[in-house]
Amino acid sequence: MFNVSKINGLYGVVGLRQPSNPTYAILDSDNTTSRSGYYASDNPFVKIEFLKSNTDYKDISDADFNTYLKGLQEESIVNVCGMVFNESDFIDRQVLYPNTQNNVNTENLTGGLITHRIQVSPDKNIAFEISRVLLLFEGSGDINLMLFNTSSPNPIFSKVITINTSSHEEVLDWRVDNSGGTYKGEYYFGYRSNYNGIGTLKPYKRDYENSNIESCVSHLNIDKFQFVGHSSDILPDLTIKVAMSQSTGLNPDITVYEDYTDLIVQNEMLFAKAINLEFQINCLSQYLASLRSNNEQKTSERIMLRVIQEIEGQDRDGLVKITGLRPQLLRSIVSISKEIDRLRRGYFGGRIKRATLV
């Protein structure tokens, strides 16, 4: 798995050259940037003139056309990463407290930050998601649910939840993929017990049979801590935390999976050639899928067969052999996959130069 919005930060790893035809010299600086030195328009069939003439809307503005080209490159990035990482990435999914809960007796918590500490194993590419949380409280009121990483005092996720039933389910979809500034460290998932109306909310005790037994979640170690007297929505000094045995009222639903967002972002040059090939295929495919009929399209239709050959290749007796873009792309994907296999268990400090995206 990978985070699509984050890997689209690879946009600009390949680019397009500004046409010499002044009528079509309309590319902005983002689309002419190529950090790798690969330019899709070095392929003589990838022409800005043809791309502009074969958009669905004939009067498209220059700004919208540049946005359109950006979308084609971002689509190519996602396609390549999807071809490389095409195996199941699921590792585990557990509700932290799976056993029967009897909502009768309640806890009296001291004011402060109430948390579940989540420690992720040192294995590379491990990510987790809190897809939802079950909140078991007596009373009604608001609770500001937060997820902290020790890299920052501010929560990486937060949500104010209104509780008015004894068992409330809240969908979160909070994904932690270890990319950017939150790599590893510890995570704290919880709320302040003196937040607004939380004084009227009391978590139910887990005192019925095995209701306090926690699931073992693969690659995660989860325990409970309280920061007594803490009264703000920032992560406090970690040295003041104290272990707690009381129920927090929280029962998160956690999925653990392999995530390669950080590996992709840090090693963009490994993917550059394949992205360039896929970008060329994507551009040429726009001619084939054109929805308009005009003189420019009729001109392009005369080379449709040659465009298909450029994409798919040609290797038949009696014909000139053409090495297509798609066979080249597939060979590039195989090469990337082999390199990824070597990097998977510890690519930091490996042989590939890491890149930083702004």
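Residues numbered from 1 in each chain as written. Predicted model: local features only at pLDDT ≥ 70, side-chain atom pairs only at ≥ 80, totals over all residues. Heavy atoms only, no water.

Colleague: Would you mind going over the overall build of the chain in detail, with residue names and values included?
Modeller: In terms of helices and strands, the chain carries 9 helices and 14 strands. Here the chain holds 358 residues, and 49% of them are scored as buried. For the chain, the exposed area adds up to about 17000 Å²; of that, 47% sits on carbon and sulfur atoms. (Helix = DSSP H or I, 4+ residues; strand = E, 2+ residues; numbered from the N terminus. Buried < 20%, exposed > 50% of the residue type's maximum accessible area, 1.4 Å probe, protein only. Areas by Shrake-Rupley, 256 points an atom, 1.4 Å probe, with all protein chains shown as cover.)

Colleague: Go over helix 6 (residues 268-288) with me, naming the residues and quoting the values.
Modeller: When the terminal C-alpha atoms of helix 6 are compared, their 29 Å separation across 21 residues agrees well with the 30 Å that a helix rising 1.5 Å per residue should span. Ala-274 marks the point of greatest bend in helix 6, at about 30 degrees. By the criterion of burial, helix 6 is predominantly enclosed, with 17 of the 21 residues buried. (Expected span 1.5 Å × (residues − 1). Bend = angle between axes of the 7 residues up to and from the residue.)

Colleague: Tell me about the packing of aromatic side chains, and name the residues and values.
Modeller: In the structure shown here, the tally under the stated rule is 8 aromatic pairs. With centroids separated by 5.8 Å and ring planes inclined at 75 degrees, the aromatic side chains of Phe-137 and Tyr-191 adopt a geometry described as edge-to-face. Here Tyr-191 lies in strand 10 (residues 186-192) and Phe-137 lies in strand 6 (residues 137-138), a separation of 54 residues in the sequence. Residue classification places Phe-137 among the buried residues on the basis of a relative accessible area of 0%. Sitting over the face of the ring of Tyr-11, Lys-70 holds its NZ or CZ atom 5.3 Å from the ring centroid. (Phe/Tyr/Trp six-rings, centres within 6.5 Å; stacked < 30°, edge-to-face > 60°. Lys NZ or Arg CZ within 6 Å of the ring centre and 35° of its normal.)

Colleague: Describe in detail the environment of Asn-154, supporting the description with residues and values.
Modeller: Inspection of the secondary structure puts Asn-154 in the loop between strand 7 (141-149) and strand 8 (157-163). Filtering out sequence-adjacent residues up to four positions away, Asn-154 remains in contact with Phe-148 and Ile-234. (Contact = heavy atoms within 4.5 Å.)

Colleague: An account of the packing of helix 6 against helix 9 (residues 325-343) is needed here, citing residue identities and associated values.
Modeller: With their axes 9 Å apart at the nearest point, helix 6 and helix 9 run at an angle of 155 degrees to one another. On the basis of their axis angle, the class for helix 6 and helix 9 is roughly antiparallel. Like other packed secondary-structure pairs, helix 6 and helix 9 cross with a definite hand, here left-handed. Contacts from Leu-270, Phe-271, Lys-273, Ala-274, Leu-277, Glu-278, Gln-280, Ile-281 and Leu-284 of helix 6 reach helix 9 at Leu-325, Arg-326, Gln-328, Leu-329, Ser-332, Ile-333, Ile-336, Glu-339, Ile-340 and Leu-343. For the contact of helix 6 with helix 9, a count of residues per class yields 12 nonpolar, 3 polar and 4 charged. (Axes fitted to C-alpha atoms, helices over the stretch in contact; angles between N-to-C directions. Parallel < 35°, antiparallel > 145°, perpendicular 65-115°, else oblique. Left-handed = near helix turned anticlockwise from the far one by under 90°. Nonpolar A, V, L, I, M, F, W, Y, C, P; charged D, E, K, R; others polar.)

Colleague: Help me get a handle on helix 4 (residues 62-84), residues and values and all.
Modeller: Taking 1.5 Å of rise per residue, 23 residues should cover 33 Å, and helix 4 covers 34 Å from first to last C-alpha, within 8% of that figure. Listing the buried residues of helix 4 in full gives Phe-65, Asn-66, Leu-69, Leu-72, Gln-73, Ser-76, Ile-77, Val-80, Cys-81 and Val-84.

Colleague: How would you sum up the pairing of strand 5 (residues 126-135)? Please name residues and give values.
Modeller: Counting buried positions along strand 5 yields 8 of 10 residues, so the element is predominantly enclosed. Taken together, the 9 bridges between strand 5 and strand 14 (residues 250-258) define a ladder with antiparallel strand orientation. Pairing of Ile-130 across the sheet is with Ile-254, part of strand 14. As defined by bridge partners, strand 5 adjoins strand 9 (residues 168-176) across 7 bridges and the pair is classed as antiparallel. Paired with Glu-129 across the strands is Arg-175, a residue of strand 9. (Pairing = 2+ DSSP bridges.)

Colleague: Any details on the environment of Ile-118? Residues and values, ideally.
Modeller: Residue placement: Ile-118 occurs in strand 4 (residues 112-120). Taking the C-alpha atoms as reference points, Ile-118 and Asp-223, separated by 105 residues in sequence, lie 7.0 Å from one another. Beyond its immediate sequence surroundings of up to four residues, Ile-118 is in contact with Phe-128, Ile-130, Glu-186, Tyr-187, Phe-189, Leu-220, Asn-221 and Ile-222.

Colleague: Go over the pattern of salt bridges with me, naming the residues and quoting the values.
Modeller: Close approach of charged atoms allows side chains of opposite charge to pair. Within the structure shown, the criterion is met by 11 salt bridges. Here Glu-186 and Arg-117 are joined by a salt bridge, their closest N and O atoms 3.5 Å apart. With Glu-186 in strand 10 and Arg-117 in strand 4, the pair connects residues that are 69 residues apart, well separated along the chain. Note on Arg-117: relative accessible area 11%, which makes it buried. (Salt bridge = Lys/Arg side-chain N within 4 Å of Asp/Glu carboxyl O.)

Colleague: I'd love a proper account of the sheet that holds strand 8, names of residues and values included.
Modeller: Hydrogen bonds between backbone atoms are what pair the strands of a sheet, whose relative direction is either parallel or antiparallel. Spatially, 8-7-10-4-12-13 is the arrangement adopted by the 6 strands of the open sheet, whose pairing is antiparallel. Bordering the open sheet on either side are strand 8 and strand 13 (242-243), each of which pairs with just one other strand. The pairing of strand 7 with strand 8 spans 7 bridges and is antiparallel. Bridging across to strand 8, Asn-144 finds its partner in Val-160.

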